[in-house]
Amino acid sequence: MGKVITVANQKGGVGKTTTAVNLASAVASIGKKVLLIDLDPQGNTTSGFGIQKRSVTASIYDVLTGEKEAREAIAPTKYRVDVIPSNIQLSGAAIELIELPRREGRLREGIAGIIENYDFIFIDCPPSLDLLTLNGLCACDTVLIPIQCEFFALEGLSELMSTIRNVKAKYNPYLDIEGIVLTMYDGRLNLTLQVVNEVKKHFGNKLYKTTIPRNVRLSEAPSFGAPVNFYDPASKGAEAYLDLAVEFVKNNK
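Given the structure is predicted, the values throughout are model-derived calculations rather than measurements.

J.: What am I meant to see in the nonpolar core here?
T.: Where a protein is soluble and globular, its nonpolar side chains tend to be buried together. Formed by 51 residues in total, the largest nonpolar core has its most connected members in Ile60, Ile84, Ile145 and Ile147. Look past the residues within four positions of Ile60 in its chain and what remains in contact with it is Ile37, Asp38, Leu39, Ile84, Pro85, Ser86, Leu90 and Leu107. Within the second largest apolar cluster, 35 residues are counted, among which are Ala20, Leu23, Val34 and Ala226.

Below you can see the structure in the form of structure tokens.
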């Protein structure tokens, strides 16, 4: 049985999708079978693997609404990661889901039949605490939280933790924190070190030792429709996500 990990943070610009794309690709590169689900209406994870959003014939929207089974929506990629893509239809899904039965559990039900086919399933959530993110939190075993090394990131983290506690109490009693990843890390800045110390104080061993630096190649890779370990495997960004993947897999043995 595979493990389902939701990558979530309601604050935008923290490297959430960058982490989902590049960690999934790095984990696949070390021999694990990986599926990545794009639960964000912006579809950046989809295009990050070179999938044309407009040409998608089956997406996560169809899975959530029950129009198609998850296996019908899987798009294999040349990067060793399978993707269930997102497209513009998903932007209205949060409203449509309100009318459907078991609205918070649609994703969990939709992927139940394919979990055993993978070692790890990653879910990239939108940068908000809406019904789509709730579905992601209800469908997963653990939550991976990328946070930017800045003061406001800590405020957003406390809100997210409150949401996770509520979801655990009401819908998903086994929900746990997979880990916290520090992104856009610059060890020369005092603020960065303050954020690190604050996160360590509250989360201890849940904080990954690997940090993700600011890196131009990480920013460029999506426009080429490739994870950074294929776009520029020698870059600092690619090396950091490979280190994170090794640490992630080691934690999950």
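Now, onward.
J.: Explain the packing of aromatic side chains here, please?
T.: Remark: the centre distance and the inter-plane angle together describe each pair of aromatic rings, the angle taken between the planes. All told, the structure shown has six aromatic pairs when counted by the stated rule. Look at Phe49 and Tyr79: their rings are 6.1 Å apart centre to centre, the planes differ by 55 degrees, and that puts the pair in the tilted class. Residue Phe49 is located in the loop between helix H2 (44-48) and helix H3 (60-65), and its partner Tyr79 is located in the loop between strand E3 (75-76) and strand E4 (81-84); the two are separated by 30 residues in the primary sequence. Judged by its relative accessible area of 7%, Tyr79 falls in the buried class.

J.: How should I be thinking about the sheet that holds strand E7 (residues 176-183) in this particular structure?
T.: Strand pairing in a sheet takes place through backbone hydrogen bonds and is either antiparallel or parallel in direction. Read across the sheet, seven strands follow the order E3-E4-E2-E5-E1-E6-E7 without closing on themselves; strand pairing throughout is mixed. The open sheet has two free edges, formed respectively by E3 and E7, since each of these has just one partner strand. As judged from the three bridges shared by strand E1 (residues 3-7) and strand E6 (residues 142-148), these two strands associate in the parallel manner. Looking across to E6, one finds that Val7 is bridged to Leu144. Of the strands in this sheet, E6 and E7 are in contact with helix H9 (residues 190-203), which crosses E7 at around 170 degrees. Sitting on the sheet, helix H12 (residues 236-251) touches E1, strand E5 (120-124) and E7, and the angle it makes with E5 is about 120 degrees.

J.: Looking at this structure, how should I read the layout of surface pockets?
T.: Where empty space is left can be seen by rolling a probe of water-molecule size over the atoms. Considered as a void within the structure, the largest pocket measures approximately 390 Å³ in volume. Around the largest pocket, the lining is made up of 24 residues, and of these Gly15, Thr18, Leu218, Ser219 and Pro222 lie nearest the centre. Looking at the lining of the largest pocket element by element, the count peaks at six residues for helix H1 (residues 16-29). A breakdown of the residues in the lining of the largest pocket according to their chemical character gives 12 nonpolar, 10 polar and two charged. Roughly 290 Å³ of volume is contained in the second largest pocket.

J.: Mind showing me how you'd approach the side chain of Glu104 here?
T.: With respect to the helices and strands, Glu104 occurs in the loop between helix H5 (93-98) and helix H6 (106-111). If we ignore the near neighbours within four places in the chain, the residues touching Glu104 are Leu134, Asn135, Cys138 and Tyr171.

J.: Any chance you could explain a nonpolar patch on the surface here in plain terms?
T.: A grouping of Ile30, Leu242 and Val246 is seen on the molecular surface, where their side chains present a nonpolar patch of about 220 Å² in accessible area. Locating Ile30 in the fold gives a position in the loop between H1 and strand E2 (34-38).

J.: Please clarify how the environment of Val199 should be interpreted in this entry.
T.: Secondary-structure assignment places Val199 in helix H9. Here the alpha-carbon distance between Val199 and Leu157, two residues 42 residues apart in the chain, equals 9.5 Å. Those residues in contact with Val199 that lie beyond four places of it in its chain are Ile147, Leu154, Ile180, Gly204 and Leu207.

J.: Mind showing me how you'd approach the environment of Gly136 here?
T.: Note that Gly136 resides in helix H7 (residues 131-139). Assessed through its relative accessible area of 0%, Gly136 is described here as buried. Along the backbone, Gly136 and Ile177 are 41 residues apart, and their C-alpha atoms lie at a distance of 13 Å. The contact partners of Gly136, leaving out residues within four places of it in the chain, are Thr6, Leu39, Leu107, Ile123 and Cys125.

J.: What exactly am I supposed to notice about unusual backbone geometry here?
T.: Within the chain, Arg80 stands out as a residue other than glycine whose phi angle is a positive 70 degrees. In this structure, Arg80 sits in the loop between E3 and E4. Of note in this structure, Met184 is not a glycine but carries a positive phi near 55 degrees. Structurally, the position occupied by Met184 is in the loop between E7 and H9.

J.: Would you take a moment to explain a positive patch on the surface for this structure?
T.: A grouping of Lys32, Lys209, Lys250 and Lys253 is seen on the molecular surface, where their side chains present a positively charged patch. With relative accessibility at 61%, the residue Lys250 sits in the exposed group.

Quick notes on the rules
Residues numbered from 1 in each chain as written. Predicted model: local features only at pLDDT ≥ 70, side-chain atom pairs only at ≥ 80, totals over all residues. Heavy atoms only, no water. Core = buried A, V, L, I, M, F, W, Y, C linked by side-chain atoms within 4.5 Å. Buried < 20%, exposed > 50% of the residue type's maximum accessible area, 1.4 Å probe, protein only. Contact = heavy atoms within 4.5 Å. Phe/Tyr/Trp six-rings, centres within 6.5 Å; stacked < 30°, edge-to-face > 60°. Helix = DSSP H or I, 4+ residues; strand = E, 2+ residues; numbered from the N terminus. Pairing = 2+ DSSP bridges. Axes fitted to C-alpha atoms, helices over the stretch in contact; angles between N-to-C directions. 1 Å grid on protein atoms, 1.4 Å probe; cavity = no way out; pocket = protein on both sides within 12 Å on 5 of 7 lines; lining within 4 Å. Points joined across faces, edges and corners; volume = space filled by probe spheres on them. Nonpolar A, V, L, I, M, F, W, Y, C, P; charged D, E, K, R; others polar. Patch = residues over 30% accessible without salt bridge, like charges linked within 9 Å, V, L, I, M, F, W, Y side chains within 5 Å. Areas by Shrake-Rupley, 256 points an atom, 1.4 Å probe, with all protein chains shown as cover. Salt bridge = Lys/Arg side-chain N within 4 Å of Asp/Glu carboxyl O. Lys, Arg positive; Asp, Glu negative; His and termini not counted. Charge placed at Lys NZ, Arg CZ, Asp CG, Glu CD.

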